[in-house]
Amino acid sequence: MKHLQWFPGHMTAAMRMMEENLKAVDGVIIVLDARAPFSSVNRKLDGLFKDKKILYVLNKCDLVEISDALSAVKKFREEGKSAVCVSANEKRTVDALYGALLALFKDKLERNKEKGIFKPMRVMVAGIPNTGKSTIINALSGGKKTQTGNKAGVTRGKQWVRLKDLELLDTPGTMPPAFDDQQSALRLAYIGSMNDANIDFNDLAFELLKELLVKYPELLKARYDIEGVKEPLDAMNAVCVRRGFLLKGGDYDYERCAAAVIDDFRKGRIGKIFLD
Ligand SMILES: Nc1nc2c(ncn2[C@@H]2O[C@H](COP(=O)(O)OP(=O)(O)O)[C@@H](O)[C@H]2O)c(=O)[nH]1
Ligand SMILES: [Mg+2]
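The written sequence of each chain sets the order in which its residues are numbered from 1. Naming scheme: in the order in which they are written, chains are lettered from A and ligands are numbered from 1. Residues qualify for local features only when their pLDDT is at least 70, as the model is predicted, and side-chain atom pairs are given and counted only at 80 or more; totals for whole chains, interfaces and linings, by contrast, use all residues. Values reported for side chains reflect all heavy atoms of the structure, with hydrogen atoms and water molecules removed beforehand.

S.K.: Please clarify how the nonpolar core should be interpreted in this entry.
M.R.: The nonpolar side chains of soluble globular proteins are, as a tendency, buried together. In this structure, Met18, Phe49 and Leu58 are the most contacted members of the largest nonpolar core, which totals 67 residues. Domain segmentation is taken from an automatic or database assignment of domains. The residues that make up this core include at least three from each of domain 1 (8-170) and domain 2 (200-266). Here, nonpolar core refers to any group of buried Ala, Val, Leu, Ile, Met, Phe, Trp, Tyr and Cys residues whose side-chain atoms link them within 4.5 Å. Only protein chains enter the accessibility calculation, which uses a 1.4 Å probe. A residue is then buried if its area is under 20% of the maximum for its type, exposed if over 50%, and partly exposed in between. Ranked by size, the runner-up nonpolar core spans 25 residues in total, among them Val57, Ala100, Ile137 and Leu166.

What follows is the structure in structure tokens.
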């Protein structure tokens, strides 16, 4: 597959917005995708926020086995980082996230209270595109989206969402300027964090099937009713036959096949798949 492209230039404005707001925030939620929690870390953000309290949120945990989610969280914690598993659409986990945020700021909130200060902790919500940042803010705020308007030291027009003890700032997704390896870039493409417009879906589905044939052959077999397939091209062909993705004249319609496979994966229809 040709080298995946990404465009740091498009991310510059978002990075600048975050830098400008850095002074105004007490901490940061970095939202990761639980299907690829290590690939979806943007080290540039980790660097930007190095002096802030950071909570890593592995979101979309409904799309992976709970054991995979928990062992990923454990790895973050072993590095001394605060991390939690969340499914933005599951209230119980969103409540736990709120609890984890309060715990992160417990000392400061208590110190403020002793001084008679009752101002909310300000938290920026950052991460690569499509990890569920906006959904999490909506879930935390119960969809209220109480906007507190402009704040001193904050770029005009910024929308803060006020919760009881917290105030959240949504940010646009930002990609790392470079990837350690092509594997991580591919995984971000599978989960929809890359711009699909720059991606050849046939290649992407081929690479995804290659990976799944090794790691989750039983899920592929169950989803597409394909037996004894070892090679990704054979898997593409078998899916075309099973689903009737055929062109006039009987050739395989790889485009429809690829779109279906990627969509199935993204919606969790192939099963619970952990990529990292
Ligand atoms: N399955 C699942 N989908 C989610 C979850 N959180 C968000 N999404 C979906 O992921 C997509 C991107 O969410 P969005 O909040 O716009 O991401 P953002 O770009 O980080 O702000 C949307 O289609 C959401 O419905 C989750 O916990 N589980
Ligand atoms: Mg968003």
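S.K.: Just to check I follow, could you spell out the site of ligand 1 for this structure?
M.R.: One heavy atom within 4 Å of a molecule or strand is enough for the residue carrying it to be called near that molecule or strand. Near ligand 1 you find 13 residues, and of these Asp62, Ala88, Gly132, Lys133 and Thr135 are the closest. Asp62 places a side-chain nitrogen or oxygen 2.8 Å from a nitrogen atom of ligand 1. Ala88 has a polar backbone atom sitting 2.8 Å from an oxygen atom of ligand 1. We get accessible surface area from the Shrake-Rupley algorithm with a probe of 1.4 Å; when it comes to residues, only the shown protein chains can shield them. Taken by itself ligand 1 offers 580 Å² of open surface, and the protein chains cover 67% of this. Secondary structure elements follow DSSP: runs of H or I no shorter than four residues count as helices, runs of E no shorter than two count as strands, and numbering proceeds from the N terminus. Counting residues per element, the shell around ligand 1 draws most heavily on helix H6 (residues 133-140), at three residues. When grouped by side-chain class, the residues that make up the shell around ligand 1 number two nonpolar, eight polar and three charged. Polar contact is the term for a pair of N or O atoms within 3.5 Å; when the atoms are in protein, one must be able to donate a hydrogen and the other to accept it, and sequence-neighboring residues count only if both atoms are side-chain atoms. Each residue gets one label: Ala, Val, Leu, Ile, Met, Phe, Trp, Tyr, Cys and Pro are nonpolar, Asp, Glu, Lys and Arg are charged, and the others, such as Gly, are polar.

S.K.: What is the right way to read a positive patch on the surface from this model?
M.R.: Residues enter patches when their relative accessible area tops 30% and they take part in no salt bridge; the joining distance is 9 Å for like charges and 5 Å for the nonpolar side chains Val, Leu, Ile, Met, Phe, Trp and Tyr. Each reported salt bridge corresponds to a side-chain nitrogen of Lys or Arg within 4 Å of a carboxyl oxygen of Asp or Glu. When charges are tallied, Lys and Arg are placed among the positive residues and Asp and Glu among the negative ones, while His and the ends of the chain are skipped. To locate a charge, the coordinates of NZ of Lys, CZ of Arg, CG of Asp or CD of Glu are taken. Side chains of Lys53, Arg111, Lys115 and Lys119 sit close together on the surface and give a patch of like positive charge. With respect to the helices and strands, the residue Lys115 is situated in the loop between helix H5 (106-114) and strand E4 (121-126).

S.K.: What am I meant to see in the packing of aromatic side chains here?
M.R.: The description of an aromatic ring pair uses the distance of the two centres, along with the angle that the planes make with each other. Two rings from Phe, Tyr or Trp (for Trp, the six-membered ring) form a pair when their centres sit within 6.5 Å of each other. Planes less than 30 degrees apart are called stacked, planes more than 60 degrees apart edge-to-face, and all others tilted. What the rule picks out here adds up to four aromatic pairs. A ring pair is formed by Phe38 and Phe76, whose centres lie 5.4 Å apart and whose planes are at 15 degrees; its orientation type is stacked. Taken together, the residues Phe38 in the loop between strand E1 (27-33) and helix H2 (43-48) and Phe76 in helix H3 (residues 66-78) connect sequence positions 38 residues apart. Through pairs of rings, three or more aromatic residues link up here, namely Phe38, Tyr56 and Phe76.

S.K.: I would appreciate a short explanation of the packing of helix H4 (residues 91-104) against H6 in the present structure.
M.R.: Angle between the axes and distance between the axes are the two parameters that describe a pair of packed helices. Where H4 contacts H6, the axes come no closer than 10 Å and their chain directions differ by 90 degrees. Between H4 and H6, the angle falls in the class roughly perpendicular. Packed against H4, whose contacting residues are Val94, Leu97, Tyr98 and Leu101, the element H6 presents Ile136, Ala139 and Leu140 at the interface. Of the residues belonging to the contact of H4 with H6, the class tally is seven nonpolar, no polar and no charged. Axis angles are defined between N-to-C directions and span 0 to 180 degrees, where every axis is a line fitted to C-alpha atoms and, for a helix, only to the segment in contact. Here is the rule for angles: anything less than 35 degrees is roughly parallel, anything more than 145 is roughly antiparallel, 65 through 115 is roughly perpendicular, and the remaining ranges are oblique. Contact definition: two residues touch when any of their heavy atoms are within 4.5 Å.

S.K.: Would you mind showing me how to read the pattern of salt bridges here?
M.R.: A side chain of one charge can pair with a side chain of the opposite charge if their charged atoms are brought near each other. Following the criterion strictly, the structure yields 22 salt bridges and no others. With a shortest N-O distance of 3.4 Å, Glu78 and Lys74 are connected by a salt bridge. Of this pair, Glu78 and Lys74 are both found in helix H3, four residues apart, which corresponds to roughly one turn of the helix. Accessibility classification places Glu78 together with Lys74 in one group, the exposed group. Here Arg122 ties to Glu167 by a salt bridge, and the two come within 3.6 Å at their closest N and O atoms. Placement of Arg122 in strand E4 and of Glu167 in strand E6 (residues 166-170) is noted, with a sequence separation of 45 residues between them. For Arg122, a relative accessible area of 19% puts it in the buried group.

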